[in-house]
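An overview of the molecular structure
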Amino acid sequence: MRGITGRVMTYDLARFDLGDMLKCSLRLRETVSGAPTLEAAAQRICRFLYDELHGPGVQPSCALVRCYKTHAYGSLEPDLQHYARAILGAESPWPTMKCLTLMATVGLAASWNSRHLSRRHRAIPLPSPEIVKKAPMISQLIKQLGLELTSVIQPSPDVVKALTEKRHGVFHVEDAVGSPYIPAQEEFVVRHGIRSVVGFGGMLPSGDLFAVILFSTVHIPARTADRFTTLAIDVKSAFSRFSDDNVFTRRTALAREGARAQ
């Protein structure tokens, strides 16, 4: 099986050593170069990781790769606002309320290859630390990335400056089966053979959290997961060049971007 560059996949996720990490980092930067929007860059990143990471054989080692970024509710597209309002229920959203938004997705199922087709987790409202704590995966993701819930929900300029300069973290669940931090155990984890989960990310200069999450069908030990810190820096560098005006991609343009990546 070949990746988006046309070359045979070369990175064994279960063994992902220092040399693999350095080569993967370089190729990831090349992959996102020239992306017209943050969404397009995120889709390229997810496609690259899905295509290039493999297990002992030639099959992709990830059943699903996703990229998330927080956005103010008021800056979301209308359909995402509607989705977030439905989750909130009786509580009313406000323009600056942060929502953890699905920016890109690539996976085994057809509906896992477009954020527009995703049935769940498209725009998750983060109205308060108390409510976020009720979502174990999200709260643990933020914690393991080295961030405080309040810093993500209501980032102040001083905190943003400090965190963007220092924090790049890794979220790691070595054993996904039975983990309280990975939802949909029977429907997703068991059904698709998810063994480990690795996420990497941090905080952008805008004060927004970003994270790329790999749902792996091979076991990923801690020493391997830690190497993804370098890729977090690469993704942050790629995302930091986009302004609020070129975050989302129009669907027609996204279709062209997807065709380019095939």
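Given the structure is predicted, the values throughout are model-derived calculations rather than measurements. (Residues numbered from 1 in each chain as written. Predicted model: local features only at pLDDT ≥ 70, side-chain atom pairs only at ≥ 80, totals over all residues. Heavy atoms only, no water.)

**Thoughts on the nonpolar core**
With 52 residues, the main nonpolar core has Leu 49, Phe 200, Val 212, Phe 228 and Phe 239 as its most contacted residues. Elements that contribute at least two residues to this core include exactly helix H1 (18-32), helix H2 (38-52), strand E3 (62-72), helix H3 (78-88), strand E4 (98-107), strand E7 (196-203), strand E8 (209-216) and helix H10 (228-240). Element by element, the count of residues in this core is highest for H2, at nine residues. Excluding its chain neighbours within four sequence positions, the residues that come into contact with Phe 228 are Leu 13, Phe 16, Val 170, Val 198, Phe 200 and Leu 214. Ranked by size, the runner-up nonpolar core spans 30 residues in total, among them Leu 64, Ile 138, Phe 171 and Ile 182. (Core = buried A, V, L, I, M, F, W, Y, C linked by side-chain atoms within 4.5 Å. Buried < 20%, exposed > 50% of the residue type's maximum accessible area, 1.4 Å probe, protein only. Helix = DSSP H or I, 4+ residues; strand = E, 2+ residues; numbered from the N terminus. Contact = heavy atoms within 4.5 Å.)

**Some remarks on helix H5 (residues 136-144)**
All of the buried residues in H5 are Met 137, Ile 138, Ser 139, Gln 140, Leu 141 and Ile 142. Contact partners of the buried residues in H5: E4, strand E5 (123-125), helix H4 (129-132), helix H6 (149-153), strand E6 (168-173) and E8. Immediately downstream of H5, the backbone of Gly 146 shows phi near 85 degrees, a positive value.

**What about the packing of aromatic side chains?**
Each aromatic ring pair is characterised by the separation of its centres together with the angle its planes make. Within the structure shown, the criterion is met by six aromatic pairs. Taken together, a centroid distance of 6.4 Å and an interplanar angle of 75 degrees make the contact between Tyr 11 and Phe 16 edge-to-face. The two residues Tyr 11 and Phe 16 agree in class, both being buried. Taking 5.0 Å as the distance between ring centres and 15 degrees as the angle between the ring planes, the aromatic pair formed by Phe 16 and Phe 228 counts as stacked. One end of the pair, Phe 16, is in the loop between strand E1 (11-12) and H1; the other, Phe 228, is in helix H10, with 212 residues separating them in the sequence. Neither Phe 16 nor Phe 228 differs from the other in exposure class; each is buried. Taken together, Tyr 11, Phe 16, Phe 200 and Phe 228 form an aromatic cluster joined through their ring pairs. (Phe/Tyr/Trp six-rings, centres within 6.5 Å; stacked < 30°, edge-to-face > 60°.)

**So, the pattern of salt bridges**
The full count for this structure, using the stated rule, is eight salt bridges. Two residues, Glu 52 and Arg 27, come together in a salt bridge whose shortest N-O distance is 3.3 Å. Here the residue Glu 52 occupies a position in helix H2, and Arg 27 occupies one in helix H1, the gap between them amounting to 25 residues. The pair formed by Glu 52 and Arg 27 is uniform in burial state, with each residue classed as buried. In this structure, Arg 29 and Asp 234 form a salt bridge, with 3.3 Å as the shortest nitrogen-oxygen distance. (Salt bridge = Lys/Arg side-chain N within 4 Å of Asp/Glu carboxyl O.)

**Concerning the environment of Ala 14**
Its place among the elements puts Ala 14 in the loop between E1 and H1. Taking relative accessible area as the criterion, Ala 14 reaches 26% and is therefore assigned partly exposed. Separated by 40 residues in sequence, Ala 14 and His 54 place their C-alpha atoms 8.2 Å apart. Ala 14 has contacts with Val 218, His 219, Pro 221 and Thr 224, leaving out every residue within four places of it along the chain.

**Quick notes on the packing of H1 against H10**
Running from N to C, H1 and H10 point in directions that differ by 15 degrees, and their axes come no closer than 10 Å. One element, H1, and the other, H10, form an angle in the roughly parallel class. Seen from above, H1 lies across H10 with right-handed handedness. Of the residues in H10, those in contact with Met 21, Cys 24, Ser 25, Leu 28, Arg 29 and Val 32 of H1 are Thr 230, Leu 231, Asp 234, Val 235 and Ala 238. Along the lines of polarity and charge, the residues of the contact of H1 with H10 split into seven nonpolar, two polar and two charged. (Axes fitted to C-alpha atoms, helices over the stretch in contact; angles between N-to-C directions. Parallel < 35°, antiparallel > 145°, perpendicular 65-115°, else oblique. Left-handed = near helix turned anticlockwise from the far one by under 90°. Nonpolar A, V, L, I, M, F, W, Y, C, P; charged D, E, K, R; others polar.)

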